[in-house]
Amino acid sequence: MSAYNAGATGKGVKIGIIDTGLNASLSEFSGKLDAGSVDISGTRGMGDDDGHGTMVSAIAAAAKNDVDMHGVAFDSTIVAVRADTPRSCTTTDGCSFDQAAIAKGIDAARTAGAKVINLSLAGEAPTTDTLAAVQRAVDAGIVIVMAAGYDIGTSPDIFARTVAQNFAGKVIIAGSVGVDDGKGGINLDSISDFSNKAGTSASSFLTARGLDVLAPDATGEDYLWFGADVAAPSISGAVALLAQAFPNLTGQQIVQLLFSSADDLGVAGVDAVYGNGRLNLAKAFAPKGTTMLAKTTMVVDSSTISQLPAAAGDAASTGSLGAVILDGFSRAYVMNLAATMRQAAQDYPLSCALDGNLQNTSLDAGPISIAMTVAARPGAGLGFSVDRLGIGPEDARKARLVAGSAVAHLNSKTLAAFGISESATSLRQRLSGAESSAFLIAKDGTSTTGSWGNTKGSMALRRQAGRFGLFAAGETGEVRNTIKANALGSPYRWASVGIDRDFGRTWLFAGLSRLQETDTVLGGRMNQVLGGGGASSIFLDVDFRRRFGSGVSAGLSARRGSTSFAGGKFQTAAYAMDVSKLGILNVNDRIGLRFSQPLRVDSGGFNLLLPISFDYDALTATDSWQHFSMRPSGREVDGELSYSSSVIGDAGWLSANLYVRKDPGHVASARPDVGSAIRFSLKF
């Protein structure tokens, strides 16, 4: 049961049982009888002529000694008030209870410190003195639980009904559910044949199992008991568990919780048969209402989802980030905030790279070169829109096919480039003359930020200064994030500077870039509790190319990044190495092989000051710094083999790619992603 899993046992809570006494010598009650226990109707002591009080006390609070049964609140203390009229339980008419004794018994249990008082009694209407005693009890925050009666009435007996009319929302009338299902079991969805129904007291009525409930009699022998009076102590035990687990709750709040968390039976809502429904202690212990981070007004629940950046992979499933939250009743719970994170949507790079209805064109006009690809809009006639389709800037030739760009020679030493739906990194590579083989999947180490979206515009400027090339670039766009229903609308800005040098056969580049995100964290989206949106990232890029002769060339590229956001800081890295050769089968073909690691969190993560404990006496939480690593369980490594060649003279182009992705998405348990593609294009 979830209440027990939460540590609720009833320890420290006193349950008042006004009944026929109990056999205190039974092991079920060893050390559990409170000093305030009393025979209110005489000087007999704590005996039990009938066995009824022993049964009721056992169901509510019998010790958990791994023998036969235990009570609902098995660590609670019993305030036993023997209130049966002397010698009445030994007659054939059964036990009787004087109203004066009941009133005195309620006062005795209250004075002894009971949190809940169980009245598994039925009988005459309460007197003014009895109602006054109930008033004193509820004013003290005590919950009164009364049996509905077992004369099969359409409403509870007059005692319970009258008390409920006077103290609505502060007392509970217990009815019984449970009927023989004809298959050797019990159907707990139906009111018991012997139980009174809710009737006019529906708003104060709650049912619990009252058929075939195991408990001892006064001799210690176990029996299967039945009756509404058997259902009542189960509810009293539930009250004790809630009172121990959440000491801030008032008696009225406990009643409200039990009613609002009950399983709805019969006609929807509160009805004349089942009242509020059937006791569901698990739901009563679950958070109810709006849940907020303790000491704040920040709402946190299963709907406040965060999405980690792709570079963090499955980090949310590899650790925990505990914090105290308060529900609508100011009850404290420990919540694993990692449960509010989900990993980025799995990337399917092949389908993304090949999708689209594209038309290509290019133009050279003196010092200006223009390349553009347009995608036809379905049903739009001759209208076109630029479509980047997620192609990385490391594939410069392909990028020109799905974006628009213009390169201008400003003078003999200065080049400028402008792009639409093409990244600044792609423009930089074009101006440097460092374009590599056309790989579809394995990305250049300096070209990925782990996020995906829409590059709006970009520009790059390169100036030759002696043997060095000086470079500056900028880019704007919007990050796409599944948290916002596939909608764009999370702006980012990218700026970079760098230097390159060509040593003849060797080319080197080093650059520094800054990515500024308005709402996202490297493409991920954090809720307010985890620091919210917005991040600043710095990347250091290094690119090395070497031509070895005979058409053979190789390259190494790497990116190291550091991202800061309100919730913490983390470091990332990406790497790639490739080799290619021109002229395998003819002078125009090329074969290439690349291994790469997409951007991945290497270290760091969340660093948050969070509430970790709650003091119910002071009603305040204690904060502590909590750390959560965003490093994923796996490391994606992509291997790709590419081949391309002109065909039909120079009128056509054929390319083929074969790739495998190990630990795709940086998830160690993910199955390898293997794929291939063959593309053919023809000039007209």
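The name an unreviewed UniProt entry gives the protein chain is Peptidase S8/S53 domain-containing protein, with Sphingomonas limnosediminicola as the organism. Under the Sequence similarities (unreviewed entry) heading, UniProt states for the protein chain: "Belongs to the peptidase S8 family."

Along the chain, Gly 652 turns up in strand β31 (residues 652–662). Those residues in contact with Gly 652, other than ones at most four positions away along the chain, are Ser 645, Ser 646, Val 647, Phe 680, Ser 681 and Leu 682.

Per-residue pLDDT for the protein chain has a mean of 87; in total, 88% of the residues score no lower than 70. Segment residues 374–403: pLDDT under 50, and 88 contacts once partners within four positions in sequence are set aside and those in other chains are kept.

This next bit is on the packing of aromatic side chains. For the structure shown, the criterion picks out 12 aromatic pairs. Seen from their ring centres, Trp 494 and Phe 539 are 5.7 Å apart, and the 25° between their planes marks the pair as stacked. Separated by 45 residues along the polypeptide, Trp 494 in strand β23 (residues 490–502) and Phe 539 in strand β25 (residues 535–549) bring together distant segments of the chain. We note that Trp 494, like Phe 539, is buried. Relative to Phe 509, the ring of Trp 507 lies with its centre 6.2 Å away and its plane at 10°, an arrangement referred to as stacked. Just as Trp 507 is buried, Phe 509 falls in that class too. Each residue in the set Phe 565, Phe 570, Phe 606 and Phe 628 is aromatic and connected to the rest through ring pairs, giving one cluster. Over the aromatic face of Phe 539 sits the side chain of Arg 559, whose NZ or CZ is 4.9 Å from the ring centroid.

A few words on the packing of helix α2 (residues 52–61) against helix α6 (residues 228–245). Where α2 contacts α6, the two axes come as close as 7 Å, and the packing angle between them is 35°. α2 and α6 meet at a crossing whose hand is right-handed. Across the interface between the two elements, His 52, Met 55, Val 56, Ile 59 and Ala 60 from α2 touch Asp 229, Val 230, Pro 233, Ser 234 and Gly 237 from α6. Of the residues belonging to the contact of α2 with α6, the class tally is six nonpolar, three polar and one charged.

Formed by 109 residues in total, the largest nonpolar core has its most connected members in Leu 258 and Phe 606. Ranked by the residues each element gives to this core, the list is headed by α6, at 10 residues. Ignoring sequence-local partners within four residues, the contact set of Phe 606 consists of Leu 308, Met 341, Met 526, Leu 530, Phe 565, Gly 567, Gly 568, Gln 626, His 627, Phe 628 and Met 630. One finds Phe 97, Ala 103, Val 134 and Phe 159 within the second-largest nonpolar core, a separate group that totals 37 residues.

Moving on, we get to the sheet that holds strand β13 (residues 322–326). Taken together, three strands build an open sheet; the order of strands is β11-β13-β14 and the sheet is antiparallel. Edge strands, defined here as strands with exactly one partner in the open sheet, are β11 (292–293) and β14 (332–336). Relative to β14, β13 runs antiparallel, the two being bridged by five bridges. Bridge assignment links Ala 323 to a residue of β14, and that residue is Met 335.

Moving on to the side chain of Lys 32. Following the sequence through the fold, Lys 32 ends up in the loop between β1 (14–19) and β2 (38–39). Nearest to the buried, unbridged Lys 32 among oppositely charged side chains is Asp 75, at 5.6 Å. Residue contacts for Lys 32: discarding those within four places in its chain leaves Ala 61, Ala 62, Ala 63, Ala 73, Phe 74, Asp 75, Ser 76, Thr 77 and Ile 78.

Counting buried positions over the 10 residues of α2 gives 10, a clear majority of the element. Restricting attention to buried positions, one finds in α2 the residues His 52, Gly 53, Thr 54, Met 55, Val 56, Ser 57, Ala 58, Ile 59, Ala 60 and Ala 61. Summarising the contacts, the buried residues of α2 are in contact with β1, β3 (77–82), β4 (116–119), β9 (213–216), β10 (222–225) and α6.

On to the state of the cysteines, then. Each disulfide is one covalent bond, formed between the sulfur atoms of two cysteines. All told, the structure shown has one disulfide when counted by the stated rule. Note that Cys 89 is cross-linked by a disulfide to Cys 95, the S-S spacing being 1.9 Å. Given an S-S torsion of about 125°, the disulfide between Cys 89 and Cys 95 has right-handed geometry. Under the relative-accessibility criterion, Cys 89 is labelled buried at 10%.

Now for the side chain of Asp 157. Within the element layout of this structure, Asp 157 appears in the loop between β5 (143–147) and α5 (158–166). With no salt bridge to any partner, buried Asp 157 finds its closest opposite charge in Arg 161, at an N-O distance of 6.3 Å. Excluding its chain neighbours within four sequence positions, the residues that come into contact with Asp 157 are Leu 121, Ala 122, Gly 123, Ala 147, Ala 148, Gly 149 and Asn 196.

Sheet analysis places β23 next to strand β24 (residues 506–517), joined by 11 bridges and oriented antiparallel. Residue pairing across strands places Val 497 opposite Leu 512, the latter belonging to β24. The hairpin turn running from β23 into β24, its antiparallel successor, is three residues long, and Gly 504 in that turn takes a positive phi close to 100°. Note that β24 and β25 share 12 bridges and pair antiparallel. Bridge pairing in β25 links Trp 507 to Arg 545.

Next up on the list: α5. Every buried residue of α5 is accounted for by Phe 159, Ala 160, Thr 162, Val 163 and Ala 164. Here the buried face of α5 lies against α3 (99–112), β4, α4 (128–139), β5 and β6 (171–180).

Rules of the game
- Residues numbered from 1 in each chain as written.
- Predicted model: local features only at pLDDT ≥ 70, side-chain atom pairs only at ≥ 80, totals over all residues.
- Heavy atoms only, no water.
- UniProt positions renumbered as here; feature names shortened; annotations may be inferred.
- Helix = DSSP H or I, 4+ residues; strand = E, 2+ residues; numbered from the N terminus.
- Contact = heavy atoms within 4.5 Å.
- pLDDT = per-residue confidence, 0-100.
- Phe/Tyr/Trp six-rings, centres within 6.5 Å; stacked < 30°, edge-to-face > 60°.
- Buried < 20%, exposed > 50% of the residue type's maximum accessible area, 1.4 Å probe, protein only.
- Lys NZ or Arg CZ within 6 Å of the ring centre and 35° of its normal.
- Axes fitted to C-alpha atoms, helices over the stretch in contact; angles between N-to-C directions.
- Left-handed = near helix turned anticlockwise from the far one by under 90°.
- Nonpolar A, V, L, I, M, F, W, Y, C, P; charged D, E, K, R; others polar.
- Core = buried A, V, L, I, M, F, W, Y, C linked by side-chain atoms within 4.5 Å.
- Pairing = 2+ DSSP bridges.
- Lys, Arg positive; Asp, Glu negative; His and termini not counted.
- Salt bridge = Lys/Arg side-chain N within 4 Å of Asp/Glu carboxyl O.
- Disulfide = S-S within 2.5 Å.

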